[in-house]
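Next come the chains, spelled out residue by residue.
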Amino acid sequence: MIGCPVKHSVSSVMQNAAFSALGIDALYCSFNVERDNLGDAVGGITALGMAGFNVTIPHKESIIPFLDSIEKNAAAIGAVNTVKNVDGRLIGYNTDGRAAVKSLANAADLDGSRVLVLGAGGASRALCHALLDEGVESIHLANRSLKRAERLCGELRKAGGSCTTLGLSRRELAKSAKEVSVVVNCTSVGLTPKVDETPFFGELFRRDMVVMDMVYNPLETKFLRDALDANATTIAGVEMLVWQGALAFEIWTEKKAPLELMRDKALNALGGGGVK
Ligand SMILES: NC(=O)c1ccc[n+]([C@@H]2O[C@H](COP(=O)([O-])OP(=O)(O)OC[C@H]3O[C@@H](n4cnc5c(N)ncnc54)[C@H](OP(=O)(O)O)[C@@H]3O)[C@@H](O)[C@H]2O)c1
């Protein structure tokens, strides 16, 4: 993995356990790469013949000019988080959106559903494009900066989706909450150390909602606790983290990823114990 910072990443624990379980002779390492060194880092990776790598903040968009091609989904999102080296040609993928949808799919039938997405940054963009692929009826896009939400909404409409924007006020969220069955937090609100913050209003959750938080540190956020209090079905951010790693593993190795093992390792590394 290349990113800056990378020292808190749990990807190496997940991926190395998966390689080992499948008897694959490979090693996953994380490298702190500053913005100015991105080109040199990619050159080094190619020169060394590495099989592939993950890309994280702040390089998910700036990596694109250094790649030979990018897959359709990554092109639509405009960001890459997984790269595969095929005979010296670097191919970029984005597994974030599909990972989010895979995490939701066990609990929610997305086809024809209405989804409230909180946040309009990179993770939201990946999710929204994947939601369109799943055939959602409409996306309600709520963001602190309305301009940013409108930009993303415009993109989604161009891609054939139905999307409306709103702010994060109680009034606007209450109106939208009445109309949706799925709510996903794609903002960074609630992230450690500000663990008592949430971008939503707990009383707006219902028991017939599926609620996912992309934030995985802490494992259980205030947003998820509020949803649990309302007896909603909840999905923690670690599930998406595991899926994006599993999908990357499958791109590199063309083998089925040991999902449960990767989940166990991620949970252990994040301090959640070996929950199944
Ligand atoms: N589970 C996973 O595998 C996974 C994968 C990717 C990302 N994530 C998590 O998803 C979150 C978002 O990531 P990203 O890459 O999309 O980040 P990003 O591009 O920086 O977007 C951040 C989003 O959070 C909003 N935000 C930040 N502070 C806020 C505040 N105080 N009040 C209201 N809104 C606020 C921003 O709103 P404005 O536009 O108004 O600034 C924006 O919508 C992060 O916590 C990241 O760790 C998790």
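Only a predicted model underlies this, so the values are computations on that prediction, with no experimental measurement involved.

### Let's talk about the site of the ligand
Lining the immediate surroundings of the ligand are 20 residues, of which Ala123, Asn143, Arg144, Ser145 and Arg148 lie closest. Here an oxygen atom of the ligand sits 2.7 Å away from a polar atom, N or O, in the side chain of asparagine 143. The separation between an oxygen atom of the ligand and a polar side-chain atom of arginine 144 is 2.8 Å. Protein burial of the ligand: of its 920 Å² of free accessible surface, 77% is covered by the chains. Going through the elements one at a time, helix H5 (122-133) and helix H9 (237-253) are the ones with two or more residues in the shell around the ligand. With three residues, H9 is the largest single contributor of residues to the shell around the ligand. Of the residues belonging to the shell around the ligand, the class tally is ten nonpolar, eight polar and two charged.

### Looking at the state of the cysteines
For the coordinates displayed, the defined rule picks out one disulfide. Each sulfur in the disulfide pair cysteine 153 and cysteine 163 lies 2.0 Å from the other. Around the S-S axis, the bridge from cysteine 153 to cysteine 163 shows a dihedral of about -85° and counts as left-handed. Highlighted residues: cysteine 153 in helix H6 (residues 146-158) and cysteine 163 in strand S9 (residues 163-166), separated in sequence by ten residues.

### Observations regarding H9
Across its 17 residues, H9 extends 25 Å between first and last C-alpha, which sits within 8% of the 24 Å expected from 1.5 Å per residue. The buried fraction of H9 amounts to 16 of the 17 residues, a majority that puts the element mostly inside the structure. One or two steps after H9, the chain reaches glutamate 254, where phi turns positive at roughly 55°.

### Points about the sheet that holds strand S10 (residues 182-185)
In space, the six strands of this open sheet follow the order S9-S8-S7-S10-S11-S12, with parallel pairing throughout. Strands with a single pairing partner mark the edges of an open sheet, and in this sheet they are S9 and strand S12 (233-235). When strand polarity is set aside, the average angle formed by the axes of neighbouring strands in this sheet is 20°. In this structure, strand S11 (residues 210-213) lies alongside S12, joined through three bridges in parallel fashion. When the bridges of S12 are listed, methionine 212 appears paired with isoleucine 235.

### Some thoughts on the domain arrangement of the protein chain
Domain boundaries in the protein chain define domain 1 (2-94 + 239-269) and domain 2 (97-235). Here the C-alpha centre of domain 2 lies 25 Å away from the C-alpha centre of domain 1. With eleven residues of domain 1 in contact, the opposing surface of domain 2 contributes 16 residues. Of the roughly 1,200 Å² buried at the junction of domain 1 and domain 2 (both faces included), carbon and sulfur atoms supply 72%. Counting the surface domain 1 buries against domain 2, the share from its top three residues, Ile77, Met240 and Leu247, is 44%. Linking domain 1 with domain 2 are zero salt bridges, by the criterion used here. Taken together, domain 1 and domain 2 are joined by one residue pair in polar contact (both at pLDDT 80 or more). Here the side of domain 1 that touches domain 2 takes six residues from H9, the largest share from any one element. Grouping the constituent residues of the side of domain 1 that touches domain 2 by class yields seven nonpolar, three polar and one charged.

Procedures and definitions
Residues numbered from 1 in each chain as written. Predicted model: local features only at pLDDT ≥ 70, side-chain atom pairs only at ≥ 80, totals over all residues. Heavy atoms only, no water. Near = heavy atom within 4 Å. Polar contact = N/O pair within 3.5 Å; in protein donor to acceptor, adjacent residues only side chain to side chain. Areas by Shrake-Rupley, 256 points an atom, 1.4 Å probe, with all protein chains shown as cover. Helix = DSSP H or I, 4+ residues; strand = E, 2+ residues; numbered from the N terminus. Nonpolar A, V, L, I, M, F, W, Y, C, P; charged D, E, K, R; others polar. Disulfide = S-S within 2.5 Å. Expected span 1.5 Å × (residues − 1). Buried < 20%, exposed > 50% of the residue type's maximum accessible area, 1.4 Å probe, protein only. Pairing = 2+ DSSP bridges. Axes fitted to C-alpha atoms, helices over the stretch in contact; angles between N-to-C directions. Domains from an automatic or database assignment. Contact = heavy atoms within 4.5 Å. Buried area = accessible area lost by both parts, 1.4 Å probe. Salt bridge = Lys/Arg side-chain N within 4 Å of Asp/Glu carboxyl O.

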